[in-house]
Amino acid sequence: MNAPHEETISLLEWPAEGETRAPYQVYLDSAIYEQEQERIFRGPAWSFLGLDVEVPNPGDYKSTFVGDTPVVLSRDADGKLHAFVNRCAHRGAMVCRDLRGNTDVHTCVYHQWAFDHAGNLIGVPFRKGLAGKGGYPEDFEMAEHGLQKLRVEQVQNMVYATFDHQAPSLEAFLGAEMCGNIRRVMQRPIKVIGHSRQYFNGNWKLYSENARDSYHGGLLHLFYPTFGIYRQGQKGSVHVDDSGMHMLLQVSEPDESQSIEAYQEASSRKAEEGATLADPRLLEYRSELGDETMLTIQSLFPSVVVQQISNTLAVRQILPKAVDETELVWTFYTFEDDDEEMVEHRMRQINMVGPAGFISMEDGEAVNICQRGIARDGDKSSFIEMGGTGTGSIDHMGFDENPIRGFWKGYRALMGL
């Protein structure tokens, strides 16, 4: 994808080594952060807003963000989805102040300007003044003062929006393979079973890298090898699209020849020996999606991760808040036709993931310690050469950083770096 501006003012000189280096300045510089908001989040990229089942009924809405711009996803009386910037056209106040809800009309509390679910202005108090005094001029047109609208499309249950009304379609942006996995993990009607949120004192790109980094899986997250559900070298693959921006990690169930002992011999850290769980059902994997894949991590540029970890199904929305602040919103779901016992099983396994999950809790700390470690050295760079210098797909997993290099390939194209 080409950079969104014909004339690009670069805020830094990228290292000559290309995608095998990421200058620490990109995590520290507030001017670069602001440029990202314009060229990526408010540019031609598509950003995830939520699942359509989060706003299932006419009048439903949810407040969210594209980058750090407040946005509302809203469903009108005809069932059509809309997205608009959560900023009143009058004085700039946020129109929707609740996280989610249902309403006939979106009304700004400040001066009661009212908007429909498409963001059109439909009501202005004292528009013509009172008793012949005040009011707006005769040429005031409500059609010219609606909320800023975004273009909305979806793949399966995932709803996206873009500020660029001329951008290629969402399916073209994601590509056939990435859309295929979304349809795989949402192959039947779904329903949301919960949300969680966490905050990092780190740049949003550090988490985007983390979600593309299979190298750390069995090293940072010792729960994996300790209980045998992840073993370095087990059958898997990493698919990276041509742009480099999107990645799909797929891991099959381990076989007994891939022992924990072999992992411990190769690792500088040791899995805890003799560890047990009070409820071993936490580890039970039930094949349900028509294949042997028991784990997928799909990282879609710029701001969402789709996960299947055993029987937990979730999307993670990455929300930049400042150059060194990020919010991560987890949305967990199940299939509508799951019986009560299967829903209970998914709820049990959510203990492995999320902000305090047995597996996922270390990722937030990894972001924090990276941000703290680079704080005074923006002129230096990370070293990203595990597996070479490529950005393409690989037929194994665990020992390559191709997806991270791919992320920087796509990022540089959009940023003009």
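As a starting point, this report considers the structure included with it.

The rules behind these values
- Residues numbered from 1 in each chain as written.
- Predicted model: local features only at pLDDT ≥ 70, side-chain atom pairs only at ≥ 80, totals over all residues.
- Heavy atoms only, no water.
- Helix = DSSP H or I, 4+ residues; strand = E, 2+ residues; numbered from the N terminus.
- Rg over C-alpha atoms; globule rule 2.2 N^0.38 Å.
- Buried < 20%, exposed > 50% of the residue type's maximum accessible area, 1.4 Å probe, protein only.
- Contact = heavy atoms within 4.5 Å.
- Areas by Shrake-Rupley, 256 points an atom, 1.4 Å probe, with all protein chains shown as cover.
- Phe/Tyr/Trp six-rings, centres within 6.5 Å; stacked < 30°, edge-to-face > 60°.
- Lys NZ or Arg CZ within 6 Å of the ring centre and 35° of its normal.
- Expected span 1.5 Å × (residues − 1).
- 1 Å grid on protein atoms, 1.4 Å probe; cavity = no way out; pocket = protein on both sides within 12 Å on 5 of 7 lines; lining within 4 Å.
- Points joined across faces, edges and corners; volume = space filled by probe spheres on them.
- Nonpolar A, V, L, I, M, F, W, Y, C, P; charged D, E, K, R; others polar.
- Axes fitted to C-alpha atoms, helices over the stretch in contact; angles between N-to-C directions.
- Parallel < 35°, antiparallel > 145°, perpendicular 65-115°, else oblique.
- Patch = residues over 30% accessible without salt bridge, like charges linked within 9 Å, V, L, I, M, F, W, Y side chains within 5 Å.
- Salt bridge = Lys/Arg side-chain N within 4 Å of Asp/Glu carboxyl O.
- Lys, Arg positive; Asp, Glu negative; His and termini not counted.
- Charge placed at Lys NZ, Arg CZ, Asp CG, Glu CD.
- Core = buried A, V, L, I, M, F, W, Y, C linked by side-chain atoms within 4.5 Å.
- Pairing = 2+ DSSP bridges.

1. So, the overall build of the protein chain
Then, in step 1: Along the protein chain, the regular secondary structure elements total 11 helices and 19 strands.
Then, in step 2: Computed over its C-alpha atoms, the radius of gyration of the protein chain comes to 23 Å, within 12% of the 22 Å expected for a compact globule of 417 residues.
Then, in step 3: Taking the principal axes of the C-alpha coordinates as reference, the protein chain spans close to 85 × 55 × 35 Å.
Then, in step 4: Here the protein chain, with 417 residues, has 54% of them falling under the buried criterion.
Then, in step 5: Long-range contacts, defined here as pairs at least 24 residues apart, represent 65% of the contacts in the protein chain between residues at least 6 apart.
Then, in step 6: Counting only carbon and sulfur atoms, one obtains 49% of the accessible surface of the protein chain, whose full area is about 18,200 Å².

2. Looking at the packing of aromatic side chains
When we look at a pair of aromatic rings, we describe it by the centre distance and by the angle of the planes.
Then, in step 1: Enumeration over the complete set of coordinates arrives at 15 aromatic pairs.
Then, in step 2: Taken together, a centroid distance of 5.6 Å and an interplanar angle of 50° make the contact between tryptophan 14 and tryptophan 408 tilted. Pair noted here: tryptophan 14 is in the segment before strand E1 (21-23) and tryptophan 408 is in helix H11 (residues 402-415), with a separation of 394 residues, a long-range link. Like tryptophan 14, the residue tryptophan 408 is buried in the burial classification.
Then, in step 3: Through a chain of ring-to-ring contacts, three or more aromatic side chains come together here, namely Trp14, Tyr27, Phe41, Trp204, Phe301, Phe407, Trp408 and Tyr411.
Then, in step 4: The lysine or arginine in question, lysine 321, covers the ring of phenylalanine 65, its NZ or CZ lying 3.4 Å from the ring centre.

3. Focus on H11
Then, in step 1: Between its first and last C-alpha, H11 extends 20 Å over 14 residues, near the 20 Å set by a 1.5 Å rise per residue.
Then, in step 2: Of all 14 residues in H11, 12 are buried; the element is thus mostly enclosed.
Then, in step 3: Looking at the buried side of H11, the elements it contacts are E1, helix H1 (25-28), helix H2 (30-41), helix H5 (204-210), strand E13 (236-240) and strand E14 (247-252).
Then, in step 4: Looking at the residues trailing H11, positive phi occurs at glycine 416, about 70°.

4. Quick look at empty space enclosed by the protein
Then, in step 1: Summed over the entire model, instances satisfying the criterion amount to 2 cavities of 30 Å³ or more.
Then, in step 2: In terms of lining residues, the largest cavity is bounded by 19 residues, among which Asp213, His216, His221, Tyr224 and Ile297 are the most central.
Then, in step 3: Of all the elements in the fold, those that place two or more residues in the lining of the largest cavity are E14 and strand E15 (293-300).
Then, in step 4: Here the residues of the lining of the largest cavity are counted per class, giving 9 nonpolar, 6 polar and 4 charged.

5. Topic: the packing of H2 against H11
Then, in step 1: Between H2 and H11, the shortest axis-to-axis distance is 9 Å and the interhelical angle comes to 85°. In terms of their interaxial angle, H2 and H11 are classed as roughly perpendicular. Here Ile32, Gln35, Glu36, Arg39 and Ile40 of H2 lie close against H11, whose contacting residues are Tyr411, Leu414 and Met415.
Then, in step 2: Partitioned by chemical class, the residues of the contact of H2 with H11 number 5 nonpolar, 1 polar and 2 charged.

6. Quick notes on a negative patch on the surface
Then, in step 1: A surface patch of negative charge is lined by Glu138, Asp139, Glu141 and Glu144.
Then, in step 2: Counting through the fold element by element, glutamate 138 comes out in the loop between strand E9 (121-123) and strand E10 (149-155).

7. Structural notes on the environment of threonine 226
Then, in step 1: Looking at the element boundaries, threonine 226 is found in helix H7 (residues 223-226).
Then, in step 2: It is 78 Å that separates the C-alpha atoms of threonine 226 and glycine 132, two residues lying 94 residues apart in sequence.

8. Quick word on the nonpolar core
Then, in step 1: By size, the foremost hydrophobic cluster in this structure holds 88 residues, and its most contacted members are Met158, Tyr160, Leu174, Met186, Tyr207, Trp408 and Tyr411.
Then, in step 2: Among the elements that line this core, the one with the most residues is H11, at 6 residues.
Then, in step 3: Discounting chain neighbours no more than four positions away, the residues touching leucine 174 are Val155, Tyr160, Cys179, Ile182, His246 and Leu300.
Then, in step 4: Among the nonpolar cores identified, the runner-up in size contains 14 residues, and Val95, Leu121, Phe140 and Met142 belong to it.

9. A few points about the layout of surface pockets
Then, in step 1: Empty space within the largest pocket amounts to approximately 470 Å³.
Then, in step 2: Leu206, Glu209, Asp213, Ala366 and Cys370 are, among the 18 residues lining the largest pocket, the residues nearest its centre.
Then, in step 3: Of all elements in the fold, only H5, helix H10 (361-373) and strand E19 (381-383) reach the threshold of two or more residues within the lining of the largest pocket.
Then, in step 4: Grouping the constituent residues of the lining of the largest pocket by class yields 12 nonpolar, 3 polar and 3 charged.
Then, in step 5: Of the pockets and cavities examined, the second largest pocket occupies roughly 250 Å³.
Then, in step 6: Lining the second largest pocket are 25 residues; nearest its centre among them are Ser63, Thr64, Phe65, Leu99 and Arg197.
Then, in step 7: When contributions to the lining of the second largest pocket are tallied by element, the ones reaching two or more residues are strand E2 (47-51), strand E3 (60-66), strand E12 (190-200), strand E17 (312-322) and strand E18 (325-335).
Then, in step 8: Looking at the lining of the second largest pocket, its residues break down into 10 nonpolar, 7 polar and 8 charged.

10. Concerning the side chain of serine 382
Then, in step 1: Along the chain, the position of serine 382 falls in strand E19.
Then, in step 2: On the basis of relative accessible area, serine 382 is assigned to the buried category, the value being 15%.
Then, in step 3: In this structure serine 382 touches Thr20, Arg21, Ala22 and Tyr24, once residues within four positions along its chain are discounted.

11. Regarding the sheet that holds E14
Then, in step 1: On the basis of which strands lie adjacent, the open sheet formed by 7 strands has the order E12-E18-E17-E16-E15-E14-E13 and antiparallel pairing. If you trace the sheet from one side to the other, it starts and ends with E12 and E13, each paired once. Geometrically, the sheet is characterised by an average inter-axis angle of 15° between neighbouring strands, direction not taken into account.
Then, in step 2: Of the strand pairs in this sheet, E17 and E18 are connected by 9 bridges, and their pairing is antiparallel. Looking at the pairing, proline 320 lines up with threonine 326 of E18.

Geometry only, nothing functional implied.
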